[in-house]
Amino acid sequence: MLISGLLPNEECTIKLNVYYSWSDYEMKSTARFKSNDKGCINLDKDIPICGSYTEADAMGLFALLKDIQVIASKRAERDFTKEYIICKFSAVTKQSSAEVEIKRKFIYNNIEQLHMYEPFRGEYFVHKDQKSKEQILLLGGSEGNINSILPIAAVLSNYGFDVLALQYFSPSSDTLPVSYLPKFLMKNI
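The rules behind the values
- Residues numbered from 1 in each chain as written.
- Predicted model: local features only at pLDDT ≥ 70, side-chain atom pairs only at ≥ 80, totals over all residues.
- Heavy atoms only, no water.
- Helix = DSSP H or I, 4+ residues; strand = E, 2+ residues; numbered from the N terminus.
- Buried < 20%, exposed > 50% of the residue type's maximum accessible area, 1.4 Å probe, protein only.
- Areas by Shrake-Rupley, 256 points an atom, 1.4 Å probe, with all protein chains shown as cover.
- Salt bridge = Lys/Arg side-chain N within 4 Å of Asp/Glu carboxyl O.
- Pairing = 2+ DSSP bridges.
- Axes fitted to C-alpha atoms, helices over the stretch in contact; angles between N-to-C directions.
- Lys, Arg positive; Asp, Glu negative; His and termini not counted.
- Polar contact = N/O pair within 3.5 Å; in protein donor to acceptor, adjacent residues only side chain to side chain.
- Contact = heavy atoms within 4.5 Å.
- Arc of directions from axis to C-beta.

Draft legend 1. Geometry of the overall build of the protein chain. Tallying secondary structure elements over the protein chain gives 3 helices and 12 strands in all. Burial status across the protein chain gives 38% buried among its 189 residues. Summing over all exposed atoms, the protein chain offers an accessible surface of approximately 11400 Å²; the carbon and sulfur share of this is 54%.

Draft legend 2. How the structure looks around the pattern of salt bridges. Counting across every chain of the model gives 3 salt bridges. K88 serves as the salt-bridge partner of E101, at 3.8 Å between the closest nitrogen and oxygen. Within this pair, whereas E101 is found in strand β8 (residues 97–105), its partner K88 is found in strand β7 (residues 84–92), the two being separated by 13 residues in sequence. Among the residues examined, K88 registers a relative accessible area of 30% and is labelled partly exposed.

Draft legend 3. Fine view of the sheet that holds strand β11 (residues 135–139). Pairing in this open sheet of 4 strands is mixed, and the strands run β9-β10-β12-β11 from one edge to the other. Taken across any chain shown, the strands that pair with only one partner, and hence form the sheet edges, are β9 (111–116) and β11. Pairwise comparison of adjacent strand axes, ignoring direction, gives a mean angle of 15 degrees for this sheet. Pairing analysis gives 5 bridges linking strand β10 (residues 121–127) to strand β12 (residues 162–167), with the strands arranged antiparallel. Its bridge partner lying in β12, Y124 is registered against L164.

Draft legend 4. Molecular detail of the side chain of E10. Note on placement: E10 falls in the loop between β1 (2–3) and β2 (11–20). Here E10 sits buried without a salt bridge, and the closest side chain of opposite charge, K94, lies 8.6 Å off (N-O distance). Of note is the side chain of E10, whose polar atom sits 3.4 Å from the side chain of T93. Look past the residues within four positions of E10 in its chain and what remains in contact with it is F33, K34, S35, T93, K94 and Q95.

Draft legend 5. Inspection of the environment of E10 at higher detail. With a relative accessible area of 9%, E10 lands in the buried category. E10 sits 29 residues away from G39 along the chain, and the two C-alpha atoms are 7.2 Å apart. A polar atom in the side chain of E10 sits 2.8 Å from the backbone nitrogen of L7.

Draft legend 6. Broad picture of unusual backbone geometry. Although it is not a glycine, N9 sits at a positive phi angle of roughly 55 degrees. The class for N9 is partly exposed, based on a relative accessible area of 49%.

Draft legend 7. Local environment of helix α2 (residues 150–158). When we look at burial in α2, the residues that qualify are L150, A153, A154, S157 and N158. The buried residues of α2 occupy one face: seen down the axis, they fall within an arc of 145 degrees.

Draft legend 8. Seen up close, the environment of L138. Tracing the backbone through its elements, the reader meets L138 in strand β11. The class of L138 is buried, set by a relative accessible area of 14%. L138 sits 16 residues away from G122 along the chain, and the two C-alpha atoms are 9.7 Å apart. Setting aside anything within four residues of it in sequence, one finds L138 in contact with I149, I152, A153, V163, L164, A165 and L166.

Okay, here's the thing in structure tokens:
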């Protein structure tokens, strides 16, 4: 990302605030830079004077986001047809400031998320307006809980797949416990 239109050698504080709708947390990172002799800052290559990170890093503002405020308690169920991420960038100097907000929906409007509870716990991301030719069965790792793999399932659905994400066991704190993956699903795995 390139920031231009600054005075030569002008200090500029770049702030990133990120809000994830499904986790109800707001995150923040900050870095201060000095513009070059042409009044530009290249966030990919320039080293910050100070802030959340201290080396040239194109993803530094994102990589070092910190919780700043818990807005509400986490929701147990995540419907990615409604979920989004808001990234708000601001650039502030002594003379001026500018702000840009980007809202990104997690999945396209033509995808429906179906919640399944019986005979197994799963989330099915299916295309409403076309028949997908390919399906993916998605299982997580040792956590067993489905929440960690839902973002992956949602993104895969954007690439034309119908995706079934399965929860095959539950940690003791799970509000919708699953004791095992049904035997009829295990036959084909």
